[in-house]
Each structure stands twice: as C-alpha cells, then as structure tokens.
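Spelled out from the first residue to the last, the chains are:
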Amino acid sequence: MPYPAANQGSLQPQSHKHYGITSPISLASPKENDYVLTQKLIEALKPFGVFEEEEELQHRIAILGKLNSLVKEWIRDTSEIKNLPPSVIENVGGKIFTFGSYRLGVHTKGADIDALCVAPRHIERIDFFTSFCEKLKQQDEVRNLRAVEEAFVPVIKLSFDGIEIDILFARLALQTIPEDLDLRDDVLLKNLDLRCIRSLNGCRVTDEILHLVPNIENFRLTLRAIKLWAKRHNIYSNILGFLGGVSWAMLVARTCQLYPNAVASTLVHKFFLVFSKWEWPNPVLLKQPEDCNLNLPVWDPRVNPSDRYHLMPIITPAYPQQNSTYNVSASTRAVMMEEFKQGLSITDEILMGKMEWSKLFEAPNFFQKYKHYIVLLASAPTEKQHLEWVGLVESKIRILISSLEKNEFITLAHVNPQSFPAPKDNPEKDEFSTMWVIGIVFKKVENTENLSVDLTYDIQSFTDTVYRQAMNSKMFEADMRIAAMHVKRKQLHLLLPSYIQQKKKKHSLEGNKANCEDENSMEASLDSDHSLLVPSSPLQNANSPQSPVTAALTTDAIGVQNSETQVESETSPSKRNSIPSSGGSSSSSSEHIPQASPISTSTAQPKSASTWALSTCVSNQSPSAATKTSTPVASGRKRPASPLTNEPTKKEGSVPVKEQGDGSRSPVSETKLDENLKEVESEEKLMPIPSKASASQEPTSTELSDVSSLPVNPVPVVKNSIKLRLNR
C-alpha cells in the first residue's frame, strides 16, 4: 500500500491548531472500536482497486523524474537558442508539479497524472506546444501525444511508459525557477495572463487543501472511501452537474476540520451527517477568502449577481476563489442530498455493528429506479469524429437537464454519468455511437385526471445548442447526429449492453412484484432497486429484423396505453434541519457562514387536457421556428407550457397518433407496429439550415453561450418532437 493506513496517521500527536472558519464540533479522541472499524473500512476498499501497489507507485515516481529532467533540459536548450547569458542558463531551472488525485495521494490503480510545467518568463507558450512537443515525440516511452492548444486550459496529453499524463503550462514572471518554489504564494500571480493563472489554479488549490486538514492520512483514507461511494452511486461528474474530484476533496477536508482528531471510520459517518443537513446554498469554505488586490474575478455573491444563483457552492481555498460546483442544478442537488441521507442511514447501522462497510459501496440499480427515461444518442461515422462529438455532447447535457427542470410537469431529471455504447440501428453501416440515460420523475398534479407533457422544446433547444457550437468551433462533420427518445423502464433493456442486463437481473430477482404505492415523497416516487423484474419484450424476437434501437422506438412511438404509466409524484422538499451544536457522536453544529440570497421559485399551475397518451414523432420545422424554440427561459421558473404546444396538430413531417373516442389506443399487432414505425421513419427528414451571414460574422468561442442564431453554414439537423400523454 503506497500510503500509511489511517489508523497509523491517527497515532500522530493530536493537533490543537484551529482549522477552518469555525471552531471544531468535537475534539474527542478516537476509541478502540473506531480503529477496528477503520481497519475494516480499509479491507472493504481493497477489492475496488483504490490502493496502488508499491511497485506501480515507484513506477509513477520514476516517470515523473524523467519528465522533470526533460523539462529542465528543454528549458536550457531553449534559453541557449534565445541567447541568454551562460550564468542565467546554468541556474534557469524549470519544474514539473503535480495536482489532482495524485498530489492528494488518493489516486487509484491505472489513474492518470495531472501535471504542470512551470517555466521562467523567457519561455513562451508557443515554445511549449512546439519545441517541447517535438522533444516528447522523440522519447521512446511516449505514445498517443496530443496537443490541445485551443482548450480553455491548454494541455498536452500523452502516455508515458503506460501512464496517462496531462501536462499544463505556466510561465511565471521570474528569471529562474528555484527548486523550492511554493506555488501558494499569491505574488506569483502578478503580471500573468489568464491562461497561466488557470493552469496554476489546480496546483494552488490542491496544495491549500493539504495545508488546511489536521491529519493528512485520515483525510486521504476518508476521501478514498467517499470518492468510491460517489462513483458507485453515479454522482461523480462535474461536467454533468454532480461533483468532481476537487469538490469531493473539499467536502471531506471540511469534515476533517470539524472533527480534527477523528479517524477515517468516524469521518465517513460525520461526512454524511454534516452534508445531509447542510443548509444550501450556504457555501462550504475551508478558509476565509482573501483579497490580493490583483483585480481577478472571485466568487462573491455580494458583488456578482450571477453567483447568487449557485445552488451548492463549494469555494476553492486559493486565490482567485471560485465555485467548483457551478454546474450543479436543482435535480442533481436533490439526487445528491438523497444519497447523503441514505449514506447517513447506512453508516449509522455500520457504527452500531448491524451492517458491514461493503453495504455502503453497493451500487444502486439506476435502471430500475425510475419509471420513465430519456435516452440520448450521439453518433459519428469515424472513431476520431466520434470522440470529439461525444465530448461536445456530454459537455452540454447539463443544458438539457436544466431545460427539463423548467418543464412544469417534471420534478426531477437524473442523468447517469456513465455512458454506454449504443446498439447500431444498421449493423452493416460503419458508425460509432454512445448513449446516455436520463431518469425522469413526473409531477403528480392534484384534481387533474389528464395532462399533456410536451418535451419538444426541451430536446430541440438542447440539440440546437450542440449543433450551433459544433459549427462555430468548426468541428462539425457530415453524419454527426444526436437523437433522443422517451423509453419506459420495461423497454430500457432493449438498448442497454448485455453486461448491464446481468447487473439488472441481480437487482430485480427478489422484488419483481414490488411497486411504489405512496406517491407523496421522493422515496416513494423513485422505485427501489428491487422494484420490478424487467420483462422480456415481445419485440425481442430472434427472427425479427428490427435492431434494438428500432424495437424500443417502435414500442415508444406507438406507445400503448398502460395503467402502470402514471405521473410520478413531486419531490417533497427536504426539511432543512440545522445541525445541532453538540459534541456527541451523532451530532454536529450549525455553522454561521455568510450565504448567498436564496432564490425563490414559482411553479405555474398546470392546465388540464383531454387525454394522456405517449407519442414520439420526428417533425420538420423551419429555421425561424427552431430559433424561437431556443429562446432561454428565466432561471428558477417553471415553464407553463412548451412554445410548440399551441402549434397546429397537423403539419407536414409529423406523424399523427390515432386514438379511440374515449382517448385510449386500440390494440395493435407487432406487424402493425412495424408498419407504423416505417411510416415514422419515412417522415423523418434532414433540414438544411440556410446560410445568410458571412463567415466574418461568426461569434468567437467565448461568446457561444450568448449566440441566439443558428450556425451560418448549412447543417443537417434532425428535428425531434417528443410528446407524452400519460394516463393516470
């Protein structure tokens, strides 16, 4: 094991130094049982590969040593080319710093290394991406080198002797780089450009975190456990609106500050106790923010109105202070809060000896949790195009989640951070596809028998945004496509890979008849892990020519009414309990932290409609209509209805849904389903968007979020229309 166990670290002299912005909740020393539980925690973590073997750790250290030598050699050579005096060249220096999980000491087997190349003032960024890149290419150990110079934080990605490394670059306003350089010194930020400041930020934040915890080894073991728990429970992803590695590290660090003498087993329990009762949007701060008078933008809701809308602020401790969780939405926060509460319940049982630690790391079955899902697919004709396309689509999924949250009939939209290879619609066609699955909870509306839900606006505004950015960044290629479909839980197995099916069966065998009866809380509206055995679909036939995508779409598009298709209940707001001030084992104190003004939200009263059914159709819309569709909605308010709801029901390119007079659908055979599907597919058209603006009028990449018009170049876009009429 590369790092000492937490119980070894706990033998260090207890520190009475004050950590954090408040006094600690408890200074109690660990008991013998706490050490036993900590050792059991270590044993429970081992099967998941969270500890790296000593041999692999030494391999990483050797690789970083080689990389550091290459940096020094490159800086000396470049200094000679630029005719610097020999006395300066001899001591010019240069250094590789690490940050992220490796620097924190919590990296897992096979994890990559985040590194920063620090150079003196005469070494420019262009040198890093030219001469240093060439030097790396000459190394026998280097593979898959990729320079991403135009990224928000420019980076060189490579594999060095089997270890993936991301290298950032920062040019300091110093003539030489000393070996004992401390990047936490704020003076180093003077006269630096924004790209260098962003590159330095990772190292500065990581180093500050390590200096702000009472016991590093207890912090490391606790963070390993929390990160594994978050990944197993599908809430580990900054880009999709959950928390990333640095955010989880700061939450664990805050817990360590509140319980400075506790060992890892206690800290894991206290983590869930504190943050299941945290009164968001009170920010989590590891230290009081400092103003260095460098005129850099910092997180401050008193000054910046946009900061007041952050739902779950966790503030980085290094200047310039930033909110690491600006992507968190109402849905992702609700999901995480529910997981915190469940984690607290489980760790309560563990501390009482009624459960083992393995229970905490059991992965819930996301695909049995909800009754309704939206499946999002992204495809491209080549592997290289697919990697770029998937990266762009994934970075924008949070926009779709935000749009769905504004729909007045949707209570929760939970995206699974794990993506899956999508089944091919045409096995003979070369195509690379990836899909994401979003669980949907529909709101229960009182005194209303029938309601209509139109997701066309939500899906269309998302796809327009993705295509627009792809065009403006000049990465769009022909046959790059996005598709979205509504799928019920019982049809989801038609799309999922076989290895996911095996996991689903394990979770389903014991409770195939269980179902939710109480729909007045989130716990009731979300199905349990064992709620239903996924039934085999009649469309799954060995002789059927349909692909899994086609079969699922057929079932969804023709949509047969089912009494099981109910509107999910609205999530009852969690009661905000302040943490009681006590030093007991199961309590924590309320922290008086300056908070941003909470944002009030108003929900429009839904209107009743005649019927609920389910239909999915692909319609042809004009560019002007699509542009209007993308109009943003005021944050924090539910949209009373889709802008497309009032459009005529009959229009070219749409598929009408036939219903009986009583609003129900007539039974259809599998043959009829196939015929109707072909009708839907025949109506699907690609609409070229006309070009009216010149290339010189294209917005820059920094203005993309504010662009309201569609791309200036022609691009084929599939217009999705998803309308749900659910029968209660």
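Per chain, residues are indexed from 1 in the order of the written sequence. Where totals are concerned, whole chains, interfaces and linings use all residues; where local detail is concerned, this predicted model gives features only for residues with pLDDT of at least 70, and gives and counts side-chain atom pairs only at 80 or more. Excluded from the side-chain calculation are hydrogens and water; included are all heavy atoms of the structure.

Section: the overall build of the chain
And step 1. Working definition: helices are DSSP H or I runs of at least four residues, strands are E runs of at least two. Numbering for both runs from the N terminus. Secondary structure assignment for the chain yields 19 helices and 15 strands.
And step 2. For each residue, the accessible area found with a 1.4 Å probe, counting protein chains only, is set against the maximum for its type, and the residue is called buried under 20%, exposed over 50%, and partly exposed in between. Residue burial in the chain is summarised as follows: out of 728 residues, 54% are buried.
And step 3. Intrachain contacts of the chain at a sequence separation of at least 6 include 78% that bridge at least 24 residues.
And step 4. All accessible areas in this document rest on Shrake-Rupley with a 1.4 Å probe, and a residue is counted as covered only by the protein chains that are shown. Carbon and sulfur atoms form 49% of the exposed surface of the chain, whose accessible area is close to 32800 Å². It only takes one pair of heavy atoms within 4.5 Å for two residues to be counted as in contact.

Thoughts on the side chain of Arg-125
And step 1. Of note, Arg-125 is situated in helix H6 (residues 125-137).
And step 2. For the purpose of counting charges, residues Lys and Arg are taken to be positive, whereas Asp and Glu are taken to be negative. His and the chain ends are not included. When a carboxyl oxygen of Asp or Glu lies within 4 Å of a side-chain nitrogen of Lys or Arg, that pair is called a salt bridge. Asp-193 is the oppositely charged side chain nearest to the buried, salt-bridge-free Arg-125, at an N-O distance of 4.1 Å.
And step 3. Other than its neighbours up to four places away in sequence, Arg-125 contacts Pro-154, Phe-169, Asp-193, Arg-195 and Cys-196.

Focus: the packing of aromatic side chains
And step 1. Any two of the Phe, Tyr and Trp rings considered here, Trp counted by its six-membered ring, make a pair once their centres fall within 6.5 Å; the pair's planes then place it as stacked at under 30 degrees, edge-to-face at over 60, or tilted in between. Tallying each qualifying case throughout the model produces 25 aromatic pairs.
And step 2. When the centroid spacing of 5.8 Å and the interplanar angle of 70° are considered together, the rings of Tyr-467 and Phe-476 count as edge-to-face.
And step 3. Either the NZ atom of lysine or the CZ atom of arginine qualifies as a charge over a ring when it sits within 6 Å of the ring centre and within 35 degrees of the ring normal. The side chain of Arg-198 reaches across the aromatic face of Phe-152, ending 3.9 Å from its centre.
And step 4. Here the basic side chain of Lys-231 rests over the ring of Tyr-236, its NZ or CZ set 4.9 Å away from the ring centre.

Describing unusual backbone geometry
One can expect most non-glycine residues to show negative phi and most peptide bonds to be in trans.
And step 1. Residues Trp-280 and Pro-281 are joined by a peptide bond in cis, for which omega reads 10°.
And step 2. Position of Pro-281 among the secondary structure elements: in the loop between helix H10 (264-276) and helix H11 (330-351).
And step 3. With a phi angle near 60°, Asn-83 is a residue other than glycine that sits in the positive phi range.
And step 4. Relative to the helices and strands, Asn-83 is located in the loop between helix H3 (54-81) and helix H4 (86-90).

Quick look at the nonpolar core
And step 1. Residues belong to a common nonpolar core when they are buried Ala, Val, Leu, Ile, Met, Phe, Trp, Tyr or Cys residues joined through side-chain atoms within 4.5 Å. Formed by 115 residues in total, the largest nonpolar core has its most connected members in Phe-219, Trp-229, Trp-248, Phe-340 and Trp-389.
And step 2. Among all residues touching Trp-229, those that are not within four sequence positions of it are Ile-235, Trp-248, Phe-271, Phe-272, Glu-339, Phe-340, Leu-360 and Phe-361.
And step 3. In this structure, Val-71, Ile-75, Ile-123 and Phe-129 belong to the second largest nonpolar core, which totals 29 residues.

Some points on the pattern of salt bridges
If charged atoms from side chains of opposite charge come close, those side chains can pair.
And step 1. Within the structure shown, the criterion is met by 20 salt bridges.
And step 2. The closest approach of N and O atoms between Lys-72 and Glu-179, which form a salt bridge, is 2.3 Å. One end of the pair, Lys-72, is in helix H3; the other, Glu-179, is in the loop between strand S5 (163-171) and helix H7 (194-211), and 107 residues separate them in sequence.
And step 3. With a relative accessible area of 47%, Glu-179 lands in the partly exposed category.
And step 4. In this structure, Lys-287 engages Glu-290 in a salt bridge whose closest nitrogen and oxygen atoms are separated by 3.5 Å.
And step 5. For Lys-287, a relative accessible area of 18% puts it in the buried group.

Considerations on the environment of Tyr-259
And step 1. Assignment of secondary structure puts Tyr-259 in the loop between helix H9 (245-258) and H10.
And step 2. Accessibility expressed as a relative area gives 3% for Tyr-259, which makes it buried.

Focus: the packing of H3 against H6
And step 1. Where H3 contacts H6, the axes come no closer than 11 Å and their chain directions differ by 120°. Here H6 runs oblique to H3, going by the angle between their axes. Of the two elements, H3 crosses H6, and the hand of that crossing is right-handed. In this structure, H3 uses Leu-67, Leu-70, Val-71, Glu-73, Trp-74, Asp-77 and Thr-78 to contact H6, whose residues at the interface are Asp-127, Phe-128, Ser-131, Phe-132, Lys-135 and Leu-136.
And step 2. Any residue that is not Ala, Val, Leu, Ile, Met, Phe, Trp, Tyr, Cys, Pro, Asp, Glu, Lys or Arg is counted as polar, Gly included; the first ten are nonpolar and the last four charged. For the contact of H3 with H6, the per-class residue count stands at 7 nonpolar, 2 polar and 4 charged. Where helices are involved, their axes are fitted lines through C-alpha atoms of the stretch in contact, as for all axes, and angles between N-to-C directions lie from 0 to 180°. Orientation labels follow simple angle bins: below 35 degrees gives roughly parallel, above 145 gives roughly antiparallel, 65 to 115 gives roughly perpendicular, and whatever is left gives oblique. Rotating anticlockwise by less than a right angle from the far helix to the near helix defines a left-handed crossing, while the corresponding clockwise rotation defines a right-handed one.

So, H9
For the α-helix, the turn length of 3.6 residues means that residues three or four positions removed from each other point alike.
And step 1. In this scheme, a helix's expected span is set at 1.5 Å multiplied by one less than its residue total. For H9, spanning 14 residues, the distance from its first C-alpha to its last is 20 Å, which sits close to the expected 20 Å at 1.5 Å a residue.
And step 2. Along H9, 12 of the 14 residues are buried, which leaves the element largely enclosed by surrounding structure.
And step 3. Taken together, the buried positions of H9 are occupied by Ser-247, Trp-248, Ala-249, Met-250, Leu-251, Val-252, Ala-253, Arg-254, Thr-255, Cys-256, Gln-257 and Leu-258.
And step 4. Looking at the buried side of H9, the elements it contacts are helix H5 (100-104), H7, helix H8 (216-232), H10 and H11.

Some points on the pairing of strand S3 (residues 142-148)
And step 1. Think of it this way: DSSP has to see at least two bridges between two strands before they count as a pair. Here S3 pairs with strand S4 (residues 155-160) via 5 bridges, running antiparallel. Within S4, the position partnered with Val-148 by the bridge is Val-155.
And step 2. Counting the residues that bridge the hairpin from S3 to S4 gives 6 residues.

Some thoughts on the sheet that holds S5
And step 1. With mixed pairing, 5 strands are arranged side by side in an open sheet as S1-S2-S5-S4-S3. Of all strands in the sheet, those bounded by a partner on one side alone are strand S1 (95-99) and S3. On average, each strand axis in the sheet is tilted by 25° relative to the strand beside it, whichever way the strands run.
And step 2. The strands that H7 touches are S1, strand S2 (113-119) and S5; relative to S5, the one it contacts most, it runs at about 120°.

With respect to the packing of H8 against H9
And step 1. Close contact between H8 and H9 brings their axes to 10 Å; oriented N to C, the two are set at 135°. Between H8 and H9, the angle falls in the class oblique. The chirality of how H8 crosses H9 is right-handed. Of the residues in H9, those in contact with Phe-219, Thr-222, Leu-223, Ile-226, Trp-229 and Ala-230 of H8 are Trp-248, Ala-249, Val-252, Ala-253 and Cys-256.
And step 2. Broken down by class, the residue content of the contact of H8 with H9 amounts to 10 nonpolar, 1 polar and no charged.

Quick look at the confidence of the model for the chain
And step 1. Model confidence for the chain is summarised by a mean pLDDT of 73, while 65% of its residues fall at 70 or above.
And step 2. Contacts of residues 1-15 to residues separated by more than four positions or lying in other chains number 38 contacts, the stretch itself having pLDDT below 50.
And step 3. Note on residues 641-719: pLDDT is under 50 here. Beyond four places in sequence and across chains, it has 127 contacts. For every residue, the pLDDT score states the predictor's confidence, bounded by 0 at the bottom and 100 at the top.

So, the environment of Lys-190
And step 1. Among the structural elements, Lys-190 can be located in the loop between S5 and H7.
And step 2. Residues Lys-190 and Ala-173 lie 17 residues apart in sequence; the distance between their C-alpha atoms is 7.6 Å.

Remarks on the environment of Ala-483
And step 1. Along the chain, Ala-483 turns up in strand S11 (residues 481-488).
And step 2. With 104 residues separating them along the chain, Ala-483 and Ser-379 place their C-alpha atoms 8.6 Å apart.
And step 3. Sequence-distant contacts of Ala-483, defined by excluding residues within four places in its chain, comprise Val-375, Leu-376 and Leu-377.

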